[in-house]
Amino acid sequence: MGKRFDRGGDPSGAPRKRVKVVHEAPTSEDIHTSRQLRQLLIFDQDPARARHGLQSFKLYLDELLAAENKDSDRVRILKDYLDSEKPAEDDESPVYLPDIMQIWSHAGQSGNDNLMSAVPVVLALILKLLSQSLEMIPHGLGICRTLLQKRQQELISRNLSADKGKAFIISPTLRLLREAVVFDGGAIAMPMFRARSSMLKSLARNMGIVHIGDEAEDVKRPSPRTNALLFFLSAIRYLHADAKKELLAQRDIVSALTRDVKQDLPYVLKELLKGLRAHILMDDNLPREAKSHLLNTSTLTRISSLYQYRLDTLLEDEPTIADMAHEFLLTACTNPSCGVLRQDSGFYPRETDPNAAVATTVDESGLESIVWTNKFTNEVPVRNWTLSNFLPNLRPWSNVKQSELIIAIFKVAPELVANYFINNKSFTFEPKLSATWIGYAAFLFNTVTLDIPDNFCRASSFPGLPPPTSVVIDNIIPLPLSQKVLMRCLTIKSNMIAFFATRILVVAIEKLNVAIKLHQDQSHSNRALWEEAARRLVDEFCRRSPGIKEMINSYRSIPENDLLHREAASRLLRLCYEVLPEVALSAKFDVSSFLDTALGRLSKKELDDSRDFGLGLKELENLLAIAGYSPGMRWFGVTETQSLSPLILLLKVCVEAPEGVSLDTVRRELDDVATAHQLVPNRGGHPGLLPLIEALQTTHRSFPDHLTQIWPFVDNCLTRCANTPVKYVEKLEEIIQEVVEKTSEDVRGAAVSPLILAMLEQLPFIAKKAGDKAVLKALAQFLPAFLGLSVTAGESFPVLTLIFSKMVVHLPDSKGKLSKAGVSKRLEFKYNSWPRTTTSTSVDMAARQGEILTTELTISPEALERMLEVPDNLKAENSALMRWASKTADELIDEGYATSLIALLASEHASIRKEALVSILKAAAKIKQSEYDEKEQVWLLLSELAETARDSINDGPLPSPIVAFASHALNVLRDPLHGLYPKANTFLTRGPFWKLDKLPLVDEILSDEPNVGDSFYTQFSWMLVYLIDGLRTARDFELYHKKRAKGPLLERILAQAANTHMRLPLRTQLLRLLFRATAIEGGSTTLMTRLSIMNWLEEMKAVCTDISEAAVYDALRRRIWETCDQERVKVWSKGEGMCVLDQK
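Residues numbered from 1 in each chain as written. Predicted model: local features only at pLDDT ≥ 70, side-chain atom pairs only at ≥ 80, totals over all residues. Heavy atoms only, no water.

- An unreviewed UniProt entry lists the chain under the name Ribosome 60S biogenesis N-terminal-domain-containing protein, with Podospora fimiseda as the source organism.

## Examining the overall build of the chain
Right, so step 1: Check the secondary structure of the chain and you find 59 helices and zero strands.
Right, so step 2: Looking at the chain as a whole, 53% of its 1144 residues qualify as buried.
Right, so step 3: A fraction of 75% describes how many contacts in the chain between residues 6 or more apart in sequence connect residues 24 or more apart. (Helix = DSSP H or I, 4+ residues; strand = E, 2+ residues; numbered from the N terminus. Buried < 20%, exposed > 50% of the residue type's maximum accessible area, 1.4 Å probe, protein only. Contact = heavy atoms within 4.5 Å.)

## Observations regarding the state of the cysteines
Right, so step 1: The tally for this structure, following the rule as stated, stands at zero disulfides.
Right, so step 2: Sulfur of Cys-717: no disulfide; nearest cysteine sulfur belongs to Cys-721 and is 8.7 Å away.
Right, so step 3: Take Cys-717: its relative accessible area is 0%, and that puts it in the buried class. (Disulfide = S-S within 2.5 Å.)

## With respect to unusual backbone geometry
Right, so step 1: In this model, Leu-97 sits at a positive phi of 50°, which is unusual for a non-glycine residue.
Right, so step 2: Take Leu-97: it is sitting in the loop between helix H3 (72–84) and helix H4 (98–110).
Right, so step 3: Positioned with a positive phi, Phe-456 is a non-glycine residue whose angle comes to about 65°.
Right, so step 4: Here Phe-456 is to be found in the loop between helix H23 (435–448) and helix H24 (469–476).

## What to know about the pattern of salt bridges
Right, so step 1: This model, assessed by the stated rule, comprises 34 salt bridges.
Right, so step 2: A salt bridge links Arg-49 to Asp-44, with the shortest nitrogen-to-oxygen separation between them at 2.5 Å.
Right, so step 3: Note on Asp-44: relative accessible area 23%, which makes it partly exposed.
Right, so step 4: Put simply, Arg-1117 and Asp-1114 hold a salt bridge, and the shortest N to O gap is 3.5 Å. One end of the pair is Arg-1117 and the other is Asp-1114, both in helix H58 (residues 1107–1123) and three residues apart, which spans about a single turn. Each of the two residues, Arg-1117 as well as Asp-1114, counts as buried. (Salt bridge = Lys/Arg side-chain N within 4 Å of Asp/Glu carboxyl O.)

## A few points about the environment of Leu-269
Right, so step 1: Position of Leu-269 among the secondary structure elements: in helix H15 (residues 266–281).
Right, so step 2: Sequence separation between Leu-269 and Ile-303 is 34 residues; the distance between their C-alpha atoms is 9.9 Å.
Right, so step 3: In contact with Leu-269, not counting residues within four places along its chain, are Val-261, Asp-264, Leu-306, Tyr-309 and Ile-321.

## Focus: the confidence of the model for the chain
Right, so step 1: Counting all residues, the mean pLDDT for the chain is 82, and 90% of those residues have values of 70 or more.
Right, so step 2: Across residues 359–363, confidence stays below pLDDT 50; counting only partners more than four residues off in sequence or on other chains, it has nine contacts.
Right, so step 3: For residues 836–856, every residue scores under 50 in pLDDT, and the model assigns this stretch 42 contacts once sequence neighbours within four places are set aside. (pLDDT = per-residue confidence, 0-100.)

## Quick look at the packing of helix H55 (residues 1064–1078) against helix H56 (residues 1083–1091)
Right, so step 1: Orientation of H55 relative to H56, taken along the N-to-C sense of each, is 120°, at an axis distance of 6 Å. Judged on the interaxial angle alone, H56 and H55 are oblique. Along the contact surface, H55 presents Leu-1074, Ala-1077 and Thr-1078, while H56 presents Gly-1083, Ser-1084 and Leu-1087.
Right, so step 2: Across the contact of H55 with H56, the residue classes tally to three nonpolar, three polar and no charged. (Axes fitted to C-alpha atoms, helices over the stretch in contact; angles between N-to-C directions. Parallel < 35°, antiparallel > 145°, perpendicular 65-115°, else oblique. Nonpolar A, V, L, I, M, F, W, Y, C, P; charged D, E, K, R; others polar.)

## Notes on the side chain of Glu-217
Right, so step 1: For Glu-217, the location among the structural elements is in the loop between helix H11 (203–207) and helix H12 (224–238).
Right, so step 2: One buried charged side chain, Glu-217, makes no salt bridge at all; its nearest oppositely charged neighbour is Arg-225, positioned 7.6 Å away.
Right, so step 3: Among the polar contacts made by the side chain of Glu-217, one reaches the main-chain amide nitrogen of Ser-223 at a distance of 2.7 Å.
Right, so step 4: Within the local environment of Glu-217, its side chain forms a polar contact with the side chain of Thr-226, the two groups lying 2.9 Å apart. (Lys, Arg positive; Asp, Glu negative; His and termini not counted. Polar contact = N/O pair within 3.5 Å; in protein donor to acceptor, adjacent residues only side chain to side chain.)

## Section: the side chain of Asp-1029
Right, so step 1: With respect to the helices, strands and loops of the structure, Asp-1029 is situated in helix H52 (residues 1016–1030).
Right, so step 2: In this structure, Asp-1029 is buried with no salt-bridge partner, the nearest side chain bearing the opposite charge being Arg-1076 at 4.8 Å.
Right, so step 3: Within the local environment of Asp-1029, its side chain forms a polar contact with the side chain of His-968, the two groups lying 2.7 Å apart.

## A closer look at the packing of aromatic side chains
Right, so step 1: Here the structure, examined in full by the defined rule, presents 25 aromatic pairs.
Right, so step 2: Relative to Phe-443, the ring of Phe-421 lies with its centre 6.1 Å away and its plane at 40°, an arrangement referred to as tilted. Taken as a pair, Phe-421 in helix H22 (residues 415–423) and Phe-443 in helix H23 lie far apart in primary sequence, 22 residues in all.
Right, so step 3: Taking the centre distance of 5.3 Å and the plane angle of 80° together, the rings of Phe-965 and Trp-994 count as edge-to-face. Residue Phe-965 is found in helix H49 (residues 960–974), and its partner Trp-994 is found in the loop between helix H50 (981–988) and helix H51 (1002–1007); the two are separated by 29 residues along the sequence.
Right, so step 4: Three or more aromatic residues joined by ring pairs make a cluster, and in this case those are Trp-397, Phe-410, Tyr-420, Phe-421, Phe-429, Trp-437, Tyr-440, Phe-443, Phe-499 and Phe-500.
Right, so step 5: Stacked on the ring of Phe-193, the Lys or Arg Arg-196 has its end atom at 4.5 Å from the ring centre.
Right, so step 6: Here the basic side chain of Lys-928 rests over the ring of Trp-939, its NZ or CZ set 3.7 Å away from the ring centre. (Phe/Tyr/Trp six-rings, centres within 6.5 Å; stacked < 30°, edge-to-face > 60°. Lys NZ or Arg CZ within 6 Å of the ring centre and 35° of its normal.)

## Observations regarding the nonpolar core
Right, so step 1: Ranked by internal contacts, the top residues of the largest apolar core, which has 384 residues, are Phe-57, Phe-232, Phe-410, Met-759 and Phe-782.
Right, so step 2: With sequence-adjacent residues up to four places away left out, Met-759 is seen in contact with Leu-692, Phe-713, Val-714, Cys-717, Phe-782, Leu-783, Phe-786 and Met-807. (Core = buried A, V, L, I, M, F, W, Y, C linked by side-chain atoms within 4.5 Å.)

## Let's talk about the packing of helix H47 (residues 910–928) against helix H48 (residues 935–950)
Right, so step 1: Packing of H47 against H48 brings their axes to within 9 Å, and their N-to-C directions diverge by 160°. Of the possible angle classes, the one that applies to H47 and H48 is roughly antiparallel. Relative to H48, H47 is oriented so that their crossing is left-handed. For the pair H47 and H48, the contacting residues are Leu-917, Ile-920, Leu-921, Ala-924, Ala-925, Ile-927 and Lys-928 in the first and Lys-935, Glu-936, Val-938, Trp-939, Leu-942, Ser-943, Leu-945, Ala-946, Ala-949 and Arg-950 in the second.
Right, so step 2: Residue classes in the contact of H47 with H48 are distributed as twelve nonpolar, one polar and four charged. (Left-handed = near helix turned anticlockwise from the far one by under 90°.)

## Considering H56
Side chains of residues three or four places apart in an α-helix project in the same direction, reflecting 3.6 residues per turn.
Right, so step 1: Taking burial as the measure, the nine residues of H56 include eight buried ones, the bulk of the element.
Right, so step 2: For H56, the set of buried residues is Gly-1083, Ser-1084, Thr-1085, Thr-1086, Leu-1087, Met-1088, Thr-1089 and Leu-1091.
Right, so step 3: Taken together, the buried residues of H56 touch helix H53 (1034–1041), helix H54 (1049–1055), H55, helix H57 (1093–1102), H58 and helix H59 (1126–1132).
Right, so step 4: Of the residues one or two after H56, Ser-1092 is the one with positive phi, at around 50°.

## Structural notes on the environment of Met-496
Right, so step 1: Relative to the helices and strands, Met-496 resides in helix H26 (residues 495–519).
Right, so step 2: Note on Met-496: relative accessible area 42%, which makes it partly exposed.
Right, so step 3: Separated by 58 residues in sequence, Met-496 and Ile-438 place their C-alpha atoms 8.9 Å apart.

## Thoughts on the environment of Gly-275
Right, so step 1: Within the fold, Gly-275 resides in helix H15.
Right, so step 2: Each C-alpha atom, one on Gly-275 and one on Leu-233, is 6.0 Å from the other, the two residues being 42 residues apart in sequence.
Right, so step 3: Aside from chain neighbours lying at most four places away, what touches Gly-275 is Leu-233, Ile-236 and Ile-280.

Okay, structure coming up:
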C-alpha cells in the first residue's frame, strides 16, 4: 500500500472533536401594543428573531392565564392582534395566525427543533386563553380549523412521531391537541378524529414514553405519556359512540393505555379512572363489544395493581387511588353492560344442557345416565372466561378490597366459584396463625356465605336435571376446606383458628340446608333424580367436613370465657342435628353436662354485660335444641355441680333475664318439656308453664328474697310430677268429684295442671318443718298469684278454689286474709303477652283452636301427592345385568351397580330374576377377592340374599321388603360409623338365609337399645325409608299388618308417633308410608278396618300445633276415605262410615 499524504487540517495539530450543541435560552421582551406583537410574530427566516417573538408571546400569554383578574388593556392587545390576523371571509382555505403557521412550516423544513416545540406551546396557550371568553370563541375555532388543514396536519404528525428523546416537541403538541379537542365543548372533536392518521399519530408509542429519573415527575412538566393520556381522555369525552368504538378497536392504544399505570402521577390516575368509568363503562350508547376491547384480562390486571400504588398523596375528603381502582373494577366486573360480565347459568357449567330430554332418556340408573354429571371434578368450563383469567391475579388473603372484589364477582357469576378454586391451588388453608391465614379464612368465609342462585340457575323455574354435585359442593364448601385441613383447624391449640373454622362450617351447613331444600322442592318434574342428587350432595359434604366427634371435642376444649366461640360451636352441633341427623346421632354426645354448665353460668349471673348474657343465652338455646333430639336428656334431679335440676335452672334464667333479651326459644323448650312430662294439661290453647313463669317473675320483682326460698320447693314438685304423672291425674279426678259433690257444678273434663296438685301434696311436709317458716312466707305470696294466673290461662276456677282452700291451711294466714281473698279471677299477665279468657275451663279454647286448624288451610289431592309420594326406588333397568361386569368392587358398591342387581330380584320376569341371581353371586365373589375394606360383610350380605332367593326364584318376585332391606343394608355396611352397623352385622351372622314372612331388623330397631349413643331416631328413619321402598304390592302389605307376637308391625310403628321427641321429618316419613299404602289395592280399606287409621290421624291432628301439618292429616284422611271400599267400610262401621270425616 502506498504512502498516505496529509491533505490539510488544523495547523495547530489539535485533535478532532464532535461539535458541541448548545441550547441557548431564548430572549424576550414585554409586549405593550398589538402592533408590537404583530411585529414580533412576523415571519422571519432568522431562527433567533422568530424564537424571540414566540418567547415574548408565550410569556405574555402566561401572564394573562396566571392573572386572577384579567387586565382589559392587556386582553385588548390580544384581541386586536387576532382581529388583524383574521383571514378574509371569502378565502377558500382561511389560515388563522398565518405568520405563526409559516414560522412552524419553515421550522419543519429547516429541522429547527426549538421552533417546532415553541409554536405548539404558543398555540396551546392561545386556545386555553380563548376558551375562557365567549367573545373570542370564533377566533379559537378558526385556529382549530387551521390545524386541520393538510400542512398543519403534516407538521403535527411530524411532531408526534419525533424521536422518543425529544419529549420537548412531543409533549407541547399533545397539549395543543388536547386544547383543540376540548375547545368549545368538543366542537371539532369529530373532525379531528376523522384526521386520526395525523392527529393520533404514534399515540400508543407516546403513551409509553414515561418519565425517567430518580426524582418524581414534575407536575408542571409532565411526560409525553401524561399528556397522551390526558389527550385520549379528552377525546373520549366528546366523541360519539361510533368513534369511540373505532378508537377502542385499536389494540396498541388500548394496551398502552394501562401498561405503565403504576408510574403515573396520582392526579393523572384519578383522571384516567374517572374518565374511563364515565365515558366508557357508563356510556349506554357504546356497545358491550366495544367496551370488552378495553376491559380485557391485561387491562383489569394492570388496574388491579393500583391496589398497591405507592405514590398516592393522602388528602382529606378525597378517595385514594386504591379506592378509585376498587370502584372501577367493581363496576367493570359486576355490571353486565360494561362488557366483561356475561350471562351465566348459575351452577350449570357452559357445556351442559339441564333440560335435555329429561322424560325420555333418563333411565333407572339415575344420575349415571346423565353424561356430564361426573365431568366437572377437575375442570369447570365457564362463560366468563375473561373474569376467570383475571381472578388468579388477585391476592384476597393480603388485601381486603381485593377480597371484596372477588366476592362481588362470585355473587354475580356463581359459575366462577368452583372454577376459581380448581384452578388456584397455590395457597392452602393449612392452619398457621398469621395475618395471611386470617385474610384467607375471611375470604373463604365470605365465599361460603354467598347465596345459592334461585333454581340453581337464571331461569324462572327449576331445570329438568339437577346441577352437577361437584359444582354445588364446591360452592358450599370450597376445595381448600378439605376434611384433613378442617380437622387440624378444630384440634389446633389456637382458639382463633378453631373459631374461624367453626364459623365457616356453620355457614357451610346452613348453605347445605338451603341446597337440600331446593333439591327436594315439590315442583321438580323428575323428583327421583333430584333426590338422588341431594343424597350425593350430603355424602360429598360429609367427606369434606370433619366428623361429629371432632366437632364435639372442639366444643369441649373451648374456654368458658370465650362466649363467642362457644356460641358458634354449639350452633354448629345444633345444625348437624337438624341438617345431618344421621351423622350427628352416630356419635355419643351427652348434652346434659354442657347444658348444666351453661345454665349454671346464666343462673348465677356471672355475665354482667347484657351482650355477654345474650351470647350465653344463644349457646343455651342451641344446647336446648340439641337436647330436644336426645331422649336421654335428664331434665329432673340435681347434678354433681348444681343443687337444682336443669329445668329449674332454665326457669331461673327465664325469670331473672335482663330487660330486652328475647326468651321465646327458652320458653318454647320449657313448654315442650312440660307437655312431654305431663306437668301441664296437654290441650290446645293452654299456655304451658307461662302462668308459673309469670308468677315467679312477679315474685322476683316484688320480693326478690322470696324467690331463693321458692326454687327448691318448685324443683321438688316438678320432679315428683314428672316421675309419677298418673298419680296426680288420679288425684285431680278425686278433687273434681269433691267439687261436684260440694257445689253441684259440672266440672268434668276441667283442665288443671298436675303441677298444682304436686304442690298441694308437698305443702304439708314443708309446714311440718320448723325451720321452713321463710319458705311458707314466700309461698304465701307466690301460690295465690300462680293459681290466679292459671285461672286467667283457662284452668277451672272451682277446682283451683278448692285446691287453694286446702293450701291455706298450711300457709301463714293469721288474720285470714289469704282465705278471704281466695283465688283471683282478674289477674293479668304483666310480663308476658297472653290473651285473657273468661271461660272456666280450656275445653272451649281447645275447640276454637281445632276450628282454626281445620278451616285456615286445605291441601288439595295433587299437593298431597307431590308432598308424600315417593318414587319407586326398586324399579331397575335390565341393562344393569350388563353394566356391572366391567366395574371394580368399589364401583359396584359405591356407585350403585350392586343395588341395581339386587332390585332386579323383584322383577316380574323369571328369566331376569334368574340372571340377576347369577350376577349377584358372581359380584359377591368378585368383591370378596378385592381389597375393599368391608368386603367380608358385603359378601355375606349378597350370599345370604342369594341363598334366600334361590328356592323361590321360580315362584315369583322376591318380596319387596326383603329386596329393599338388602339394598339399604348395603349402604349401612359401607360405613362402619353408621348407627346400625353393629346390628346389621349381628343379623348377618344369625343364619345363612332370611325368613320371607318376617321383615329383617325391624324388631331389633323397635325393641332393642341402640348400640351407638342416642341413635334410635337415625335407625328409625333408616327403617322407615326401607319399609316405604318395600311396600309395592298387596302381598307386601300383608307383611306389614300381619298379626305377630308383639302386635302388627304397622301398629307398632304408628305407636312411635306418640313420642314427643319425634320431629317433623320422621312424622312426615310415617305419613309417606301410609300414603304408599293407600296406593295399593285394598290398602286404604285395611288401614281403616284393621288399624283404625282415621282415629290415629285425628289424634295426631289434635296434638299438632302447626296449622300446615294439621292440614296434611286432614288431606290424608280424605284420601284414605276416597280410595277405600266405602261400602265395606260402612258395613264394618255399622253405617257410620261417613262420620269418619268432618263434614264441611
